[in-house]
Amino acid sequence: MANRLKNEHSPYLQQHADNPVDWYPWGDEAFEKALKEHKPVFLSIGYSSCHWCHVMEHESFEDKATAKILNEHFISIKVDREERPDIDKHFQAVYQLMNGRGGGWPTSIFLTEDLKPFYSATYIPDEPKYGMMSFSSLLEVIADKYKNEKNVLVTEADKILQHLNPKVDKIQATKLDTSIINRVLEQAKSLFDSEHGGFNKAPKFPQASTLDLLLDLYKITGDKDALNMAALSLSSMAKGGLRDLVEGGFCRYSTDNEWLVPHFEKMAYDNALLSNVYLKAYHATGHDFYKDVAFETLDFMMSKMSKDHLFYSASDADTEGEEGKYFVYSYDKALRSFEKAGIPTKVHEKLAKALHISKGGNFEGKNIVRVSDPKTLNIPYYKEAIAALAKRREKRTHPFIDKKILVSWNAMMISSLFKASRVDKRYLPLAIKSLDALLQSMYVNSELYHSTLIAKKPKIKAFLEDYAYLTEALIEAYQSTLNEVYLITATKLANNAIEKYFDKGKWKFSRGEFETDADIYDSSYPSSVATMISALYSISSLVDIVYKKFVFKTLEVYSYDVMRQPISTPKMSKMVIRFLKDDVIIKAAENKLKGHIKDVDTLAHPFSLLKNDSNDGYMICNSNSCFGHEKDFAGVIEVLEKR
């Protein structure tokens, strides 16, 4: 019998609709029942492509005995963290405070009947292990304590809430200067894996925003180490494993240092951000390999992860309860696929070896397709082999796809499509159609929403990240089309974001039910604060310089954290450099041009150094027109002198 999640739009909540647990969605019905029956609340937060969420569901939420304990003693609430990032953000802060470390998913929170948290965990096993008691045992202990020692739990919950939002007496500000460039490079080198690329040890995430920053620093400084760190990382990630060589697209992260064994879920944001970074690497190196990977990734998203020009949020790691089953191959079946494709028998073994397919396997006895050097694929019958392996997948059960439409993640994809269109024009109409579809679906009567399903009316209003990434995408659209409607809409959204979320240099991620602070740190994807001020900085040059004040105030407020540890805030660090770099170029240009033109003030102030051309160079503009494409400071001076 279905529970109360059956009427929810979220695909993640729908996954739990047939659990014997009497789940409630987040809302008044659950809260009122908890108060009326004086029961504690069990809150479980996850998302549809989360492997350990599936494990806990199978072990505990599908178990009738465990469900009976939950149903008798608790009010159980399920939340999709992608649908309600404000709730997730609030309770991740609770977990951090209670445990002294960052959390993860599933997030398991126990609250009093009036929603005060008193215990938190992530995945809880169904049997005692990992130094934890079983989930059912934990439920019985908490139920007993809530019945007999409720005052102790309430006191603990009150202490947590008192420390959750401490008052900040003063802002620690520091000088913003170009020393941040060397600091980023030094910190990146100290964390860099010189053998396999990437940063830190496993589990290894792509960290697209860090790679993006390194490529920018190479362009600014000419530092070859910056380029080499980015290039080795991107090449290593493309070998196979993290990147799916058979169908395209990147998985979320690697469980090893070599980027071989991923958690097999594919997220829209990873593929949007990585396609953009590979394009930037193509501009930096001129090597077609990076461009090809970028295009392959975009094509995967459009063919497998979209409908009606909108992009789905994620595909699952598991198939039929087994992680990676859809993606891997046995040695015998791989060779059988080669045979059916007409590939000569005499090359089968050599071809399998080149694709790292062996009898022993490289993942739990099976094989993840991989190549040693993706930049130079001198492998006979490679394309035919990949096509044959793709055909074998057609017979398999495809991983579950979460068809939720998120504004922020769609906007990331759209920005990448517009950037790709400056290299290959075939992407331009696709980018325009996607942007128009997103605006039509999610920007209703001048109100921006956060998530929906295709053809469904959105209900959840937007958060800062939605305003930030959509504004950025609209600016990309304007730069690619010169359609001023996009710029007007971007400015309107920026104004709304300032009104809703800006407060004396700080930004809120959400207001209303949960008022949460926006982060400056790049986690799974770049900070919404950094993305917002990046868009505002562009608008300050394209529309009105007044927007630059919001950028400066934000950088000032967060200056200490950014300057101290810039590698942890790549997009904010990029904004500091961008802010300083323009000032340096303007000042140097004015000094250089004295004597060449009579009135330096006739030049645009500030120069529009924000419009990237197809080579990621600068378009130099004055109040009347734009002129020249230049990649470096010397070129800027040369063009301005000629002008």
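Just so it is clear, the model here is predicted, and its values are computed rather than measured.

Novice: Explain helix α11 (residues 268-285) to me, and be specific about the residues and the numbers.
Specialist: In this model α11 runs 26 Å from its N-terminal to its C-terminal C-alpha over 18 residues, within 8% of the 26 Å that 1.5 Å per residue would give. Immediately beyond the C-terminal end of α11, within one or two residues, lies Gly286, with a positive phi of roughly 75°.

Novice: Now, about the sheet that holds strand β4 (residues 107-111): what can you tell me, with residues and values included?
Specialist: Strand order across the open sheet formed by five strands is β1-β3-β2-β4-β5, with mixed pairing between neighbours. In this open sheet, the two strands that pair with only one neighbour each are β1 (23-25) and β5 (117-121). Neighbour to neighbour, the strand axes of the sheet diverge by 25° on average, direction disregarded. Across three bridges, β1 lies against strand β3 (residues 75-80) in parallel orientation. By the bridge assignment, Trp23 is partnered in β3 with Ser76. Contacts from helix α2 (residues 28-37) reach β1, β2 (41-46) and β3 within the one sheet, and its direction differs from that of β3 by about 160°. Of the strands in this sheet, β2, β3, β4 and β5 touch helix α5 (residues 85-99), which is tilted by about 90° from β5.

Novice: Tell me what's going on with the state of the cysteines, and back it up with residues and numbers.
Specialist: With the rule as written, the count across this model stands at one disulfide. Linked covalently through their sulfurs, Cys50 and Cys53 form a disulfide whose S-S length is 2.4 Å. Taking the sign of the S-S torsion, about 80° here, the bridge from Cys50 to Cys53 comes out right-handed. Cys53 shares its class with Cys50; the two are buried.

Novice: Quick one: what's the story with the side chain of Ser421, residue by residue and with numbers?
Specialist: Assignment of secondary structure puts Ser421 in helix α16 (residues 407-421). Given the relative accessible area of 8%, Ser421 is considered buried. Contacts of Ser421, omitting those with residues within four sequence positions, involve Tyr427, Leu428 and Ser480.

Novice: Explain the pattern of salt bridges residue by residue, including any values.
Specialist: By the definition in use, this model includes 40 salt bridges. Lys419 serves as the salt-bridge partner of Glu476, at 3.7 Å between the closest nitrogen and oxygen. Of this pair, Glu476 sits in helix α18 (residues 464-481) while Lys419 is found in helix α16, placing the two residues 57 residues apart along the sequence. Assessed through its relative accessible area of 10%, Glu476 is described here as buried. For Lys419, a relative accessible area of 26% corresponds to the partly exposed category. Across the pair Arg564 and Asp561 runs a salt bridge whose closest N-O atoms are separated by 3.7 Å. Taken together, the residues span about one helical turn, with Arg564 and Asp561 both in helix α22 (residues 559-564) at a distance of three residues. Among the residues examined, Arg564 registers a relative accessible area of 42% and is labelled partly exposed. Because the salt bridges share partners, they merge into one network encompassing Asp244, Glu247, Lys266, Lys304 and Arg393.

Novice: Just give me the short version of the packing of aromatic side chains, but keep the residues and values in it.
Specialist: A complete count under the given rule lists 35 aromatic pairs for this structure. Arranged with centres 6.1 Å apart and planes meeting at 55°, the rings of Phe42 and Phe61 form a pair that is tilted. On the criterion of sequence distance, the pair formed by Phe42 in strand β2 and Phe61 in helix α3 (residues 51-61) is long-range, its members being 19 residues apart. Of the two residues, Phe42 and Phe61, both sit in the buried class. These aromatic residues form a ring-pair network of at least three members: Trp23, Phe42, Phe61, Phe74, Phe110, Tyr119 and Phe135. We note Arg81 situated over the ring of Trp105; from NZ or CZ to the ring centre the distance is 3.9 Å. The side chain of Lys89 reaches across the aromatic face of Phe509, ending 5.5 Å from its centre.

Cut-offs used in this document
Residues numbered from 1 in each chain as written. Predicted model: local features only at pLDDT ≥ 70, side-chain atom pairs only at ≥ 80, totals over all residues. Heavy atoms only, no water. Helix = DSSP H or I, 4+ residues; strand = E, 2+ residues; numbered from the N terminus. Expected span 1.5 Å × (residues − 1). Pairing = 2+ DSSP bridges. Axes fitted to C-alpha atoms, helices over the stretch in contact; angles between N-to-C directions. Contact = heavy atoms within 4.5 Å. Disulfide = S-S within 2.5 Å. Buried < 20%, exposed > 50% of the residue type's maximum accessible area, 1.4 Å probe, protein only. Salt bridge = Lys/Arg side-chain N within 4 Å of Asp/Glu carboxyl O. Phe/Tyr/Trp six-rings, centres within 6.5 Å; stacked < 30°, edge-to-face > 60°. Lys NZ or Arg CZ within 6 Å of the ring centre and 35° of its normal.

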